[in-house]
Amino acid sequence: MTTWLNMSLQDGASPIMEQLVFFHDHVLMIMLMITTTVSYMMITLIRNKQTSRFMLEGQMIETTWTIAPAIILVFIAMPSLRLLYLMDEVHNPSLTLKAVGHQWYWSYEYSDFTKLEFDSYMIPQEEQQESTFRLLDTDNRIVLPMNSPIRMIVTAADVLHSWTIPSLGVKTDATPGRLNQTSFSISRPGILYGQCSEICGANHSFMPITIESVPAKYFINWVSKMSE
Ligand SMILES: [Cu+2]
């Protein structure tokens, strides 16, 4: 989760998010390069008199500053497309979780098991404990096994919502009457937080998402306890 003074992206908790962070840094480096060059040119323009008796045209520099940005754009587009298709891939999921957005809570269905479904409401401020995060913790956390490919099915029951976990690099629109699919695998145990990312009404800010990432055997224990 984001903590104080964390200005950039959250640490990646899935391979895809790690790649997204690398891509972000890559683009930032290119932007730094461009900003430096452009600032240098602007300062030079201010400091020069810009008069020459002989210079009428500069074919060479014009060709260069037309082609160079095109090449730079290719260096951004290629890794960007690679990531786009990587994120779209669903590799043989070992578990399917269905999230349904409601005004204003999420409900979850583990379709691989019988009768494993629950609602997940934000813990209200009055019921907070020392260990809960304000506006971020829920009464029922999603429990998922780490290091296993998980398929997410996202939909909504009333209006548009968006199921989001920043540290997994996942953001999927929840649309009534439509199933959206995404997938991820969580690299380490821990608790991951997210919030609805579609302005969905008065309590839009109060329908957080909490994932408890645990080793597979703990997950199986949890499933057997829940379906008792
Ligand atoms: Cu919402």
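The rules we used
Residue numbering note: each chain is counted from 1, following its sequence as written. The predicted nature of this model means local features are confined to residues of pLDDT at least 70 and side-chain atom pairs, given and counted, to a pLDDT of 80 or more, with totals for whole chains, interfaces and linings taken over all residues. Hydrogen atoms and water are omitted, and side-chain values are computed over all heavy atoms in the structure. Only strands that DSSP links by at least two bridges are regarded as paired with each other. Under the scheme used here, helices are H or I runs from DSSP no shorter than 4 residues and strands are E runs no shorter than 2 residues, and both carry numbers assigned from the N terminus. Where helices are involved, their axes are fitted lines through C-alpha atoms of the stretch in contact, as for all axes, and angles between N-to-C directions lie from 0 to 180°. Any Lys or Arg side-chain nitrogen found within 4 Å of a carboxyl oxygen on Asp or Glu counts as a salt bridge. Each residue is placed in one exposure class: buried if its accessible area under a 1.4 Å probe, protein chains only, is under 20% of its type's maximum, exposed if it is over 50%, and partly exposed if it falls in between. UniProt positions are given in the numbering used here, feature names are shortened, and annotations may be inferred rather than shown by experiment. Donor selection uses N, O and S atoms within 2.8 Å of the metal (3.2 Å for Na, K and Ca). Since no water is included, sites may look incomplete. Labels for metal geometry use angle windows, namely 85 to 135 degrees for all angles of a four-donor tetrahedral site, and for square planar (four donors) or octahedral (six donors) sites opposite donors over 155 degrees apart plus all others within 65 to 115; sites meeting none of these are irregular. Any two residues having at least one pair of non-hydrogen atoms within 4.5 Å are treated as being in contact. Paired rings are identified among Phe, Tyr and Trp, the last through its six-membered ring, by centres lying within 6.5 Å, and are further divided according to the angle between planes into stacked (under 30 degrees), edge-to-face (over 60) and tilted (the rest).

Concerning the sheet that holds strand 5 (residues 150-156)
A sheet is described by the order of its strands in space; here five strands give the open sequence 3-2-1-5-8, paired in mixed fashion. Among the strands making up the open sheet, the edge pair consists of strand 3 (117-120) and strand 8 (180-184). Across the sheet, the mean angle from the axis of one strand to that of its neighbour is 25°, orientation sign disregarded. Pairing of strand 1 (residues 95-102) with strand 5, which is carried by seven bridges, proceeds in the parallel orientation. Bridge assignment links Val100 to a residue of strand 5, and that residue is Thr155.

What to know about the pattern of salt bridges
One pass over the full model with this rule turns up three salt bridges. One salt bridge connects Glu109 with Lys98, and the closest N-O pair in it is separated by 3.7 Å. Separated by eleven residues along the polypeptide, Glu109 in strand 2 (residues 105-110) and Lys98 in strand 1 bring together distant segments of the chain. A relative accessible area of 25% means that Glu109 is categorised as partly exposed. The partner of Asp137 in a salt bridge is Arg141, with the nearest N and O atoms 3.4 Å apart. Classification of Arg141 as partly exposed rests on a relative accessible area of 27%. A single salt-bridge network, built from bridges that share partners, covers Asp137, Arg141 and Glu212.

A few points about the UniProt feature "transmembrane region" (unreviewed entry) in the protein
The positions UniProt marks with the feature "transmembrane region" (unreviewed entry) are residues 27-46 and 67-87. Along residues 67-87 the backbone is 100% helical and 0% strand, and the end-to-end C-alpha distance reaches 31 Å.

What to know about the coordination of the copper ion
Protein coordination at the copper ion comes from His161 (ND1), Cys196 (SG), Cys200 (SG) and Met207 (SD), with a distance range of 2.0 to 2.6 Å. Viewed at the metal, the four donor atoms of the copper ion are separated by angles of 93 to 129°, and the geometry they form is tetrahedral. We note that the donor set of the copper ion lies within a single chain, spaced as H-x34-C-x3-C-x6-M. With His161 in strand 6 (residues 161-165) and Cys196 in the loop between strand 9 (190-194) and strand 10 (209-214), the pair connects residues that are 35 residues apart, well separated along the chain.

Some details on the sheet that holds strand 9
An order of 4-10-9 is seen for the three strands of this open sheet, with the pairing classed as mixed. Strands at the two margins of the open sheet, each flanked by one partner only, are strand 4 (142-145) and strand 9. Strand after strand, the sheet turns through a mean of 25° between neighbouring axes, direction not considered. In the sheet, strand 4 pairs with strand 10 via four bridges, with the strands oriented parallel. In the sheet register, Val143 faces strand 10, and the bridge partner there is Glu212. Packed onto the sheet, helix 3 (residues 216-226) meets strand 4 and strand 10 and runs at close to 140° relative to strand 4.

Considerations on the packing of aromatic side chains
All told, the structure shown has ten aromatic pairs when counted by the stated rule. Relative to Trp222, the ring of Phe118 lies with its centre 6.1 Å away and its plane at 90°, an arrangement referred to as edge-to-face. Separated by 104 residues along the polypeptide, Phe118 in strand 3 and Trp222 in helix 3 bring together distant segments of the chain. Here Phe118 and Trp222 have matching classes, each one buried. Summarising the aromatic geometry, the rings of Phe133 and Tyr193 are spaced 5.4 Å apart at their centres and angled 80° between planes, so their arrangement reads as edge-to-face. In this pair, Phe133 sits in the loop between strand 3 and strand 4 while Tyr193 sits in strand 9, placing the two residues 60 residues apart along the sequence. By the ring-pair criterion, three or more aromatic residues cluster together here, those being Tyr108, Tyr110, Phe113, Phe118, Phe219 and Trp222.

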